[in-house]
Structure formats: structure tokens, C-alpha cells
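Fold and contact review
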Amino acid sequence: MHIGDPGDLKKIDGFANAYAENCRRNRLNHKEFIGPRDRFNFTCKRANMCCKNFSSNDRIIIEPYDVLRLSRRLSISTGKFLEQYADLTLDDHTHFPVALLKYKGNRRRNKCHFLRSYGCSVYEDRPLRCRLYPLGRILNRGKSYFIHIGNCICEDSPGDKSWGAQEWTDASGAEDYLDYQGCISDIFSFADWDAYRNLNKDLKHMLGEALCNIDGFLEKIPEISRPVSDKEIMLSLKCWIEGFFIDNGCLESDYRTKKVVKFTAGTGAEKSEFTGLITVEKKETPLGVIK
Ligand code: SF4
């Protein structure tokens, strides 16, 4: 993982403004970037305070890989998981599909579905957002920028243990999650959001289905309908999304030259190669771009 130096962000045109705007829209304050050499203090007292009393602004966003891990943990399909435990919505600004963990209770007294008296009942498979707390990650063109979201809400001081961003993500078991989130979300650093916003609702809905309902997505692609590794599944998804954005004119034109993905599925005679090819001229269904 490349942890970006926050100083670099100033060199990325418009990024600081976009970030400030994002904080403003989500009413988030006091964010500090944690660069590769910065440290922060944090000690979890396991009081579970951060898993309840969510406001409408701080519900847990779940990534495609979160859905995959949690649905397996619960032995249900990703479609069933989304039906029972998530709300799919479109981001107000980008119109991008986002899955939010549902909570139990009402707006004032609520808690996560998975919180029990002893703590998180899905701890080993908890979503990336929960793993990273008190950090959040912003991806920009292959680099990760970490922000300190705030001190633990169940104690006055942040704790006495000191961490660097890499140490914290290693200790949280977040490596696979960050890789898989990264391989998909990095595409969006190159997105033309104005073009995306102009797509019709059906296309946006199709993207949301592919992103979150991975079992449904796999069924539509015969080449990978047999069991494959998490890596193969997530790279297939990445290829599909690249194709979707390119075919619908929503990626910067130079993206093609930067991103070509190759991977294999299956073993022995069953082994097959996939290339995440970007074919702008081809006007087939988005599934047509996976070879
Ligand atoms: S998934 Fe677990 S860690 Fe995350 S909010 Fe729910 S109970 Fe807390």
C-alpha cells in the first residue's frame, strides 16, 4: 500500500477543494491527515459506544468486499444480505450507488444489527470502516491518504498507544479490504462525474447491483460462475466496472493507457485467463468487455 504524503494533495488540482466540499456536505469537521511519518494515539476500551446512536450522517458505508465477507459469515447470498441488512442509495452529489448498513431502532436510539452485549458478533468479518476507525481513507490515483476521524467517543483521552497508519491497518487486518477497495475505487479517481450523472437511472441501478450484489453479478458471467478466490472475484468486478465506465463515456480518455488488468480463474484444465480490457469502440453490453 502506498501511503500518500498529505503535502502531495496540494499539488492535485481541485482535490483540496473537493475534499473540503465533501466534509462540508457530510458535516465533518476537524479532519487531520496522517502522513507516512505521522502518528496518532488510540486505545479501544471495547465499550461499543461507536456501534450505536448513529446520526443520519455517520451510518456505516459498506464496500463490495464487506458485503461478500459478511454474507458468507451469515451463510446467505449477497442479495439476501442487502435485502436484510443494507440500504442502497445514490450519493446526493455524484449519484454513485452507496450501500449503508441498516441499524436497529429509531433515529435517536439505534444500534448496529451486529452489536451484542459482548461486542461485535461479526468481528472477524467486520466492515472496513469499522476496522479503520479512528482513521478513514481517501484514495486518489493509486495512493491512500489517511485522515484521523476523531478521538474515541467513549473516553476523554485518545488512549496511550501510539500508531502509524501502516501499523494500524496491519493490526486491524485491513490489508485485503484495502487492496480490494483500492482496486475498484481507484477507477473513480479517473471518473468524469458530470458524464456519469447524466446516465439514466437504469444504468446507475445496474452499477449498484454489480457493486453490491456480487453473487448476482457472478451468475451473469459464465466464465467465473464456478467458485474462485476473493481476488479473482474482486478483479472480475473491477474489470466489469472499468468496462461500464468506459463504454458509457464516464472515464478520462487516458485511463486506458494506465490500467490493464490480467488475472486467471480456476486451476489446471479449468484455468482461464481474463484481461480487463478497455474497448471504447465496442458498444456491446458492459459484460462484453470481459474476455
Ligand atoms: S459491524 Fe461490528 S464493529 Fe461495525 S458497527 Fe456493527 S457491531 Fe460495531
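Worth saying up front: this structure is predicted, and the values here are computed from it rather than measured.

Cut-offs and rules
- Per chain, residue numbering runs from 1 following the sequence as it is written.
- Local features in this predicted model are restricted to residues whose pLDDT is 70 or higher, and side-chain atom pairs enter the listing and the counts only when it is 80 or higher, whereas totals over whole chains, interfaces and linings include all residues.
- Confidence per residue, as judged by the predictor, is encoded in pLDDT with a range of 0 to 100.
- Two residues qualify as being in contact provided that their C-beta atoms, derived from the backbone, are within 7 Å of each other.
- By definition, a nonpolar core groups buried Ala, Val, Leu, Ile, Met, Phe, Trp, Tyr and Cys residues that are joined through C-beta atoms within 7 Å.
- Here a residue counts as buried when 20 or more other C-beta atoms fall within 10 Å of its C-beta, as exposed when 12 or fewer do, and as partly exposed in between; the C-beta atoms come from the backbone.
- Starting at the N terminus, helices and strands are each numbered in turn, a helix being any DSSP run of H or I of at least four residues and a strand any DSSP run of E of at least two.
- Bear in mind that the domain bounds are from an automatic or database domain assignment.
- Should DSSP find at least two bridges between two strands, the strands are taken to pair.
- Comment: axis = line fitted to C-alpha atoms, over the contacting stretch for helices; angle = value between 0 and 180 degrees taken between N-to-C directions.
- What a helix is expected to span follows from its residue count: subtract one and scale by 1.5 Å.

1. Remarks on the confidence of the model for the protein
Interpretation of the predicted coordinates at a detailed level should be avoided for regions scoring low in pLDDT. The pLDDT averaged across the protein works out to 75; a share of 69% of its residues lies at or above 70. The low-confidence segment residues 257-267, where pLDDT is below 50, has 26 contacts with residues more than four positions distant or belonging to other chains. Considering only residues more than four positions removed or in separate chains, one finds that residues 270-291, a stretch of pLDDT under 50, has 49 contacts.

2. Observations concerning the nonpolar core
Grouped together as the largest cluster of nonpolar side chains are 55 residues, with contacts concentrated most on Val67 and Leu237. Top contributing element to this core by residue count: helix H11 (residues 230-247), with 10 residues. Both domain 1 (6-183) and domain 2 (191-286) contribute no fewer than three residues apiece to this core.

3. As for the sheet that holds strand E3 (residues 61-62)
One open sheet accounts for three strands, arranged E3-E5-E4; its pairing is antiparallel. In this open sheet, the two strands that pair with only one neighbour each are E3 and strand E4 (86-90). Pairing analysis gives two bridges linking E3 to strand E5 (residues 97-101), with the strands arranged antiparallel. Looking at E5, one finds that Ile61 is bridged to Leu100. Sheet strands touched by helix H9 (residues 201-212): E4 and E5. Its angle to E5, the strand with the most contacts, is close to 45 degrees.

4. Concerning the pairing of strand E11 (residues 143-148)
As judged from the three bridges shared by strand E1 (residues 32-34) and E11, these two strands associate in the antiparallel manner. Paired with Ile34 across the strands is Phe146, a residue of E11. Across six bridges, strand E10 (residues 135-140) lies against E11 in antiparallel orientation. Paired with Leu139 across the bridge in E11 is Ser144.

5. Quick word on H11
Look at H11: 26 Å from first C-alpha to last across 18 residues, which is about the 26 Å you get at 1.5 Å a residue. Looking one or two residues past H11, Gly249 carries a phi angle of roughly 70 degrees, positive in sign.

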